[in-house]
Amino acid sequence: MRLCLKKASLTCLSGLRRGNRGSGVPPTLNLCRESQLPTLRFHLTGTKYSCGSGGCGACTVMVSRYDPKTKKIHHYPVTACLVPICSLHGAAVTTVEGVGSMKTRLHPVQERLAKCHGTQCGFCSPGMVMSIYTLLRNHPEPTPEQITEALGGNLCRCTGYRPIVESGKTFCAVSNDKKYFFNSCASLSISEVPFVFCFVEMCTKLYNEDEFQPFDPTQEPVFPPELIRMAEDPNKRRLTFRGKRTTWITPVNLNDLLELKTSFPEAPIIMGNTAVGPSIKFRDEFHPVFISPLGLQELYFVDSTDDGTRGYSLAQLNDALHFIVSEQPKEKTKTYHALLKHLRTLAGAQIRNMATLGGHVVSRPNYSDLNPILAAGNATINLISKEGKRQIPLDGRFLEKSPEANLKSEETVLSVYILHSTQWHFVSGLRIAQRQENAFAIVNAGMSVKFEDGTDTIKELQMFYGSVGPTVVSASKTCQQLIGRKWNDQMLSDACRLVLDEIYIPPDAEGGMVEYRRTLIISLLFKFYLKVRRGLNKMVRTTSLGLWAPWPPGHEMHGNKITCFVREQCVDPHQPPQDPVGHPVMHQSAIKHTTGEAVFVDDMPPISQELFLAVVTSTRAHAKIILIDTSAALALPGVVDVITAEDVPGDNSYQGEIFYAQNEVCDLCTVICVGQIVCTVAADTYAHAKEAAKKVRIVYEDLEPRIITIEQALEHNSFLSAEKKIEQGDVEQAFKYVDQIIEGKVHVEGQEHFYMETQTILAIPQEEDKEMVCTYVTLGTYLFQEYVAAALNIPRNRIACHTKRAGGAFGGKVSKPALLGAVSAVAAKKTGRPIRFILERGDDMLITAGRHPLLGKYKIGFMNNGVIKAADIEYYINGGCSPDESELVMEFMVLRSENAYYIPNFRCRGRPCKTNLPSNTAFRGFGFPQGIVVGEAYITAVASQCDLTPEQVKEINMYKRTSRTAHKQTFNPEPLRRCWKECLEKSSFSARKLALGCPQPLQSGEAAALVHIYLDGSVLVSHSGCELGQGLHTKMIQVASRELNIPESYIHLSETNTTTVSNATFTAGSMGADINGKAVQNACQILKARLEPVIRKNPRGTWEAWISEAYKESISLSTTGYFKGYQTNMDWKKGEGNAFPYFVYGASCSEVEVDCLTGAHKLLRTDIFMDAAFSINPAVDIGQIEGAFVQGMGFYTIEELKYSPEGVLYSRGPDDYKIPTVTEIPEEFNVTLVRSQNPIAIYSSKGLGEAGMFLGSSVLFAIYDAVAAARRERGLTKTFTLSSPATPELIRMTCVDQFTDMVRLVRRAPC
Ligand SMILES: Cc1cc2nc3c(=O)[nH]c(=O)nc-3n(C[C@H](O)[C@H](O)[C@H](O)COP(=O)(O)OP(=O)(O)OC[C@H]3O[C@@H](n4cnc5c(N)ncnc54)[C@H](O)[C@@H]3O)c2cc1C
Ligand code: FES
Ligand code: FES
């Protein structure tokens, strides 16, 4: 194998030669497969590895190929984690390093993404750059729609996408957006008293477009001429790459392919590898031979002829269909239109560019979006083998894999022939997924009907459904029985009954949601019915076209345009121009993020002797381990050791957290959740470690009880800590005098952090003094140090912990890295070798858990005018199997339970439940986003009982003047009322009837800093906070710059580590900038005071001259700074205290469109008004607000964790767990920073990292408003339970109608 690296800029795999020359590298190795093999990533760190399944886009690179037939070069984006290196023969691969770098030239895409504040943690940024870059290579002046389409396959968990899209749109020729969005700001005039607001004219921008370097598409690297020569070489020969277990063969032409297919009939044909690749990776599928005809002219055609279209690659098919529909009359192109609609939402752009129609048709996934339409459109498949050519219909029998309708193993699909439609022929594709795009369908369908010419009499009917069984299924019996019927309501009614009878989904069907899926079967049919009817209406004047029921028109949801408007603050006009505080300074690492030069732990070069760690986790929720047999694992090549609890030199259980499974009381090992680490395998490569981990045999004996849910925990009285309670007034007494009392229950499900960079640790044992150096991603260095010290039984001063940046954290990297750190440090200690421990996405999701699910109960007493007099609230959260942060989360939840409302008699009690699930942990908002849904639920219920709107009840009960909270903390709610009022006025609320949400208090802690001034005047700042993407280091540089009165360029901030700043508290609770800012300020002020005499002597001197003089005068130029934290206290015995240093307020208003037939929703507009006091960096703070809002919106709507009743987590990757993509964000997104004063915090700022999370709930409440309206239309006026997330399933099943009734009536056993 020869890899040819063309310059630094272009990775050109020009010569993967015949015959593997014994590199030991399997031919199926993907371009970006094991992140733990950086050498195979050519020491290029830009391409990130996050999911490994093609679902996140972090590994996006551009592949370019020369087509000798058209003489054109084709550029397309791919997810490198699914691209076998051998398939790249003859292709040029451009990674983010090839686009531009800080060392060479920055590409405009990289520059603009950085300057538009489109990066936070930066882990997704190289992938974003590659997606936009590839689009520009094909379309130098793209449309805004092309930008969003190109980004649809790239996930970002931090930014909320708006600034990323914004940066892409700077390349558009004409933008229909409000692109220049810096129009006004909320500002406080100097003379104003606290909490008075005024709007004044705009004075700052988030970025300046004039600074962008122009984009010149002619300056891009040329395609390597040697690859052109190779492609045109008339003497090409078959290529064979041989590995130890597998062989990869690339045929030279079609005949060669047919020859190979005859010799190896079972060998898969690898085209896009998007079906085969995941099967090998995640389902352990094995093939000794692969045939890769990629690049064969005969298989690469998209052709349109007089009577049809033939196509292959999905992206090329898309382009061809677009062309045809623009050329041909509409009546001929109904099948093409249906395919185009589904091609837009099928996966992301990368997968569409990799996947082929042949691969799609042959692999026949049960969720296929195209096959049902192709079958409904009577497509045929052209096959070829050495025997000759033949055609088979792409029909129900083929899709259901009936042997006589299948292709033979030696046959190859040459093309798929898609017929034109005709005038009296209607074809449609319908689908519903958890997320609008890039998500497998929950149910999809392809339907077609042909009428007798000039009538509405059915001549031919076809219905195919996906995701309702193991294959796509045809409702052929139903269709047969309806031939000859008129297209009317009676026919529809019969069709629904028949199809429900024909398509059976067993109660225990994979994927669950049985009732919902059955409802969708007929809801989609109804949508088709309406569509055809409208078409018929236009063509014939049928007499009986009155609607069957008062349904909304079955129109398509709006497309995604995304406009935004950001209002931010002015700085004081008297502020010196070089003072960066208050300005939208770009993230300190933004450019490095976009060029891929920012180093994450996974990017660190291999260390001599290093070993990789793979985990073996429990498959039982509660069981005794009878046996751990490691012999088979230890016998495998490359395996060095297996590490268990017995190898832990110190404490294996620390503060209730168990590192390796063990029982503390008896000798037997016990597991207490599925996903608990039983042992780890250390090997020379990750592949070896993983392979060996699979061979560890564990024998369990189940134990009782197995507690999975909160209800089960309550039944068993299983709790992690004592009850927390706050109370004011006399709740029991008040209930006696109120007009009405309501009681209810609310379920709020959990959430996965889904940080883009999974948990990663590098533990390096040192030769001397038992020292251990750990590099990892975390929010809390001291906790990490503490756990490692406990596990190794050594003092903390021997453990040096370093963290430079984390690819997102959101609370998930507080305690879990400490536990995993202990696990890896034990392995390092035992083996005496460095350990690289990187959790795969699936393991990360399984082991580290996430946000606590909540069961909330309420009893509310209120007057008929909506005034709430008494509330009795109970909270129970599912804490999982160990304490982690659950007690603290519950404290915060209880303390924040009032939200924005004053209820004179108020009681809230809460307890974390102990269950046999992985231990839940901190998550942005720390319990508030869950708890508050309960409050909003009873507000809605009270409104319904009093015939008021929820907003009226909120307004009536909202805190109005300086008051005391239920835990007796005094506060002034003026900023809250201001945000609320602004939101009502400026969001056109009254015209659109939407939902709002409110405030968020903060937590506290102490912080330290260390500042060195060097003799050249440069300054190095260290502090106790960790950079997680939230722009903390950027703000700290701004603080140091103001305090020392020097430009930011003089200041450097490298990393957080325990050797410079000890005992650092967590970077959490939005307090990072507050507390570390004060510590940095303190250090800088000490240094400034020391320099004062020198400056006084030479006031006109330069900074460098003063430093030089100070050195001569033996003035110390280094100092520490300290902030002891805000003075807070809480006495839980009394339920009283000043628990929070200050409060952050915000209000948001969202408008949604809900499809009551499918449960899909579309977010049309969101307005956020956030009290930022004075923002140190408005760009960073707006980024936090938007990012938190979108994360919150995901939590309240589409993010759904699924467990089996036995406690096994099903959702272990982007395929099963859907976080918002660019298509979920509001079409119109308005954010305003409302200014107030907060003298307690540095520069009167506020911490905003968490507060936006809850504002995402405005989407939930808007959905419920819409659902309530739909229910009212159907005469259902009774209050319904408000739960979260409002998934499509929940929405649809709450919009009760004839279809849901019919599904409940027609229940039957399988035939
Ligand atoms: C992240 C991700 C998201 C996805 N989202 C969706 C989605 O939303 N909707 C949807 O419908 N699909 C989705 N898919 C599935 C995708 O559409 C299919 O995996 C893809 O179409 C398969 O094409 P391929 O070229 O990659 O096939 P390959 O993986 O290369 O091959 C698949 C199979 O087809 C056979 N084969 C390929 N070509 C031929 C040929 N010419 N003759 C005979 N046999 C052949 C191979 O032997 C193999 O068995 C998704 C896939 C991924 C990875
Ligand atoms: S790592 Fe390749 S798509 Fe996620
Ligand atoms: S910046 Fe996109 S994932 Fe962090």
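The chain is annotated in an unreviewed UniProt entry as aldehyde oxidase from Bos mutus grunniens. Looking at the Catalytic activity (unreviewed entry) heading of the UniProt record, one finds this comment for the chain: "an aldehyde + O2 + H2O = a carboxylate + H2O2 + H(+)".

Would you explain the sheet that holds strand β30 (residues 740-748) in this entry?
Backbone hydrogen bonds are what pair the strands of a sheet, in a parallel or an antiparallel way. Taken in spatial order, the five strands line up as β29-β37-β36-β35-β30 in an open sheet, and their pairing is mixed. Edge positions in the sheet fall to β29 (724-728) and β30, since each has one partner strand and no second. Pairwise comparison of adjacent strand axes, ignoring direction, gives a mean angle of 10 degrees for this sheet. In this sheet, strand β37 (residues 905-914) lies alongside strand β36 (residues 868-880) in parallel orientation, the contact comprising ten bridges. When the bridges of β37 are listed, E874 appears paired with R909. Across the face of the sheet, helix α26 (residues 886-895) comes into contact with β29, β35 (854-862), β36 and β37 while running at roughly 165 degrees to β36.

Can you help me understand the pairing of strand β27 (residues 677-683) in this one?
Two faces make up the sheet, and in a regular strand the side chains alternate between them. Along β27, seven of the seven residues are buried, which leaves the element largely enclosed by surrounding structure. Bridge analysis of strand β21 (residues 611-617) against β27 gives six bridges, and the strand direction is antiparallel. By the bridge assignment, T617 is partnered in β27 with I677. Direction of pairing for strand β23 (residues 639-643) relative to β27: antiparallel, over a ladder of four bridges. Along β27, the bridge assignment pairs V639 with A683.

Please clarify how helix α4 (residues 144-151) should be interpreted in this entry.
An α-helical segment advances 3.6 residues per turn. Residues three or four places apart therefore align on the same side. Burial in α4 covers these residues: P144, I147, T148, A150 and L151. Down the axis of α4, the buried side of the element spans an arc of 160 degrees, and every buried residue falls inside it. Looking at the packing, one finds that the buried side of α4 touches α3 (125-138), α5 (162-169) and α11 (349-354).

Can you help me understand the sheet that holds strand β44 (residues 1056-1057) in this one?
Taken in spatial order, the eight strands line up as β23-β27-β21-β34-β31-β32-β33-β44 in an open sheet, and their pairing is mixed. With one partner strand each, in any of the chains shown, β23 and β44 form the two edges of the open sheet. In terms of strand pairing, strand β31 (residues 760-765) meets strand β32 (residues 772-776) through five bridges, oriented antiparallel. Across the sheet, residue A763 finds its bridge partner in β32, namely C774. Against the sheet, helix α20 (residues 686-695) makes contact with β21, β23 and β27, and its axis sits at roughly 25 degrees relative to β21, the strand it touches most. The sheet strands contacting helix α23 (residues 781-792) are β31, β32, β33 (799-803) and β44, and the helix crosses β33 at an angle near 145 degrees.

How should the pattern of salt bridges be read in this particular structure?
A side chain with one charge may pair with a side chain of the opposite charge, provided their charged atoms come close. For the structure shown, the criterion picks out 53 salt bridges. The salt bridge partner of K725 is E727, with a shortest N-O separation of 3.3 Å. A salt bridge links E955 to R977; the nearest nitrogen and oxygen atoms lie 3.0 Å apart. With a gap of 22 residues between them, E955 in helix α28 (residues 950-957) and R977 in helix α29 (residues 974-986) connect regions that are remote in the sequence. The class for E955 is partly exposed, based on a relative accessible area of 30%. Judged by its relative accessible area of 19%, R977 is buried. The structure contains a network of salt bridges with shared partners spanning K725, E727, E732, D872, R907 and R909.

Help me understand the nonpolar core in this model?
It is characteristic of soluble globular proteins that their nonpolar side chains tend to be buried jointly. Formed by 188 residues in total, the largest nonpolar core has its most connected members in Y858, I860 and I873. If one sorts the elements of this core by residue count, helix α27 (residues 928-946) sits on top with eleven residues. In this view, I860 contacts F735, Q740, I741, I742, I868, A870, A871, I873, Y938 and V942; residues no more than four positions away in its chain are not counted. In terms of nonpolar packing, the next biggest core, distinct from the first, is built from 52 residues, V83, L317, L339 and A375 among them.

So what exactly am I meant to see when it comes to the packing of helix α16 (residues 489-502) against helix α17 (residues 514-539) here?
Packed helices, taken two at a time, are described by their axes: the angle between them and the distance between them. As a packed pair, α16 and α17 sit with axes 10 Å apart at the nearest point and diverge in direction by 155 degrees. In this view, α16 runs roughly antiparallel relative to α17, as classed from their interaxial angle. Crossing hand, α16 versus α17: right-handed. Between α16 and α17, the residues in contact are D489, M491, L492, A495, C496, V499 and L500 and R518, I521, I522, L525, F526, Y529 and R533, respectively. Of the residues assigned to the contact of α16 with α17, the class counts are eleven nonpolar, no polar and three charged.

When you look at the environment of N406 in this model, what are you seeing that I'm missing?
Summarising the element assignment, N406 is placed in the loop between α14 (396-399) and β15 (412-419). Distance in space between the C-alpha atoms of N406 and P393 is 9.5 Å, their sequence separation being 13 residues. Aside from chain neighbours lying at most four places away, what touches N406 is R364, R390, I392 and F398.

Just checking my understanding: could you explain the side chain of H342 for this structure?
Structurally, H342 can be placed in helix α10 (residues 334-345). Relative accessible area serves as the criterion here: at 1%, H342 is assigned to the buried category. A distance of 3.0 Å separates a polar atom in the side chain of H342 from the backbone oxygen of D369. Beyond its immediate chain neighbours, meaning those up to four positions away, H342 contacts D369, L370, I373, G429, L430, R431 and A445.

I tried to follow the pairing of β35 on my own but got confused; where do I start?
A large share of β35 lies buried, amounting to seven of its nine residues. Relative to β35, β30 is paired through nine bridges, and the arrangement is antiparallel. The residue bridging I742 from the neighbouring strand is I860, located in β35. In this antiparallel pair of consecutive strands, β35 and β36, the connection spans five residues, and G866 shows a positive phi of 95 degrees.

Please explain the side chain of T457 as it appears in this structure.
By the secondary structure assignment, T457 is in the loop between β17 (441-451) and β18 (458-466). Among the polar contacts made by the side chain of T457, one reaches the side chain of K486 at a distance of 3.3 Å. Sequence-distant contacts of T457, that is, excluding residues within four places in its chain, are made with K450, F451, E452, G484, R485 and K486.

So, how was this worked out
Residues numbered from 1 in each chain as written. Chains lettered and ligands numbered in written order. Predicted model: local features only at pLDDT ≥ 70, side-chain atom pairs only at ≥ 80, totals over all residues. Heavy atoms only, no water. UniProt positions renumbered as here; feature names shortened; annotations may be inferred. Pairing = 2+ DSSP bridges. Helix = DSSP H or I, 4+ residues; strand = E, 2+ residues; numbered from the N terminus. Axes fitted to C-alpha atoms, helices over the stretch in contact; angles between N-to-C directions. Contact = heavy atoms within 4.5 Å. Buried < 20%, exposed > 50% of the residue type's maximum accessible area, 1.4 Å probe, protein only. Arc of directions from axis to C-beta. Salt bridge = Lys/Arg side-chain N within 4 Å of Asp/Glu carboxyl O. Core = buried A, V, L, I, M, F, W, Y, C linked by side-chain atoms within 4.5 Å. Parallel < 35°, antiparallel > 145°, perpendicular 65-115°, else oblique. Left-handed = near helix turned anticlockwise from the far one by under 90°. Nonpolar A, V, L, I, M, F, W, Y, C, P; charged D, E, K, R; others polar. Polar contact = N/O pair within 3.5 Å; in protein donor to acceptor, adjacent residues only side chain to side chain.

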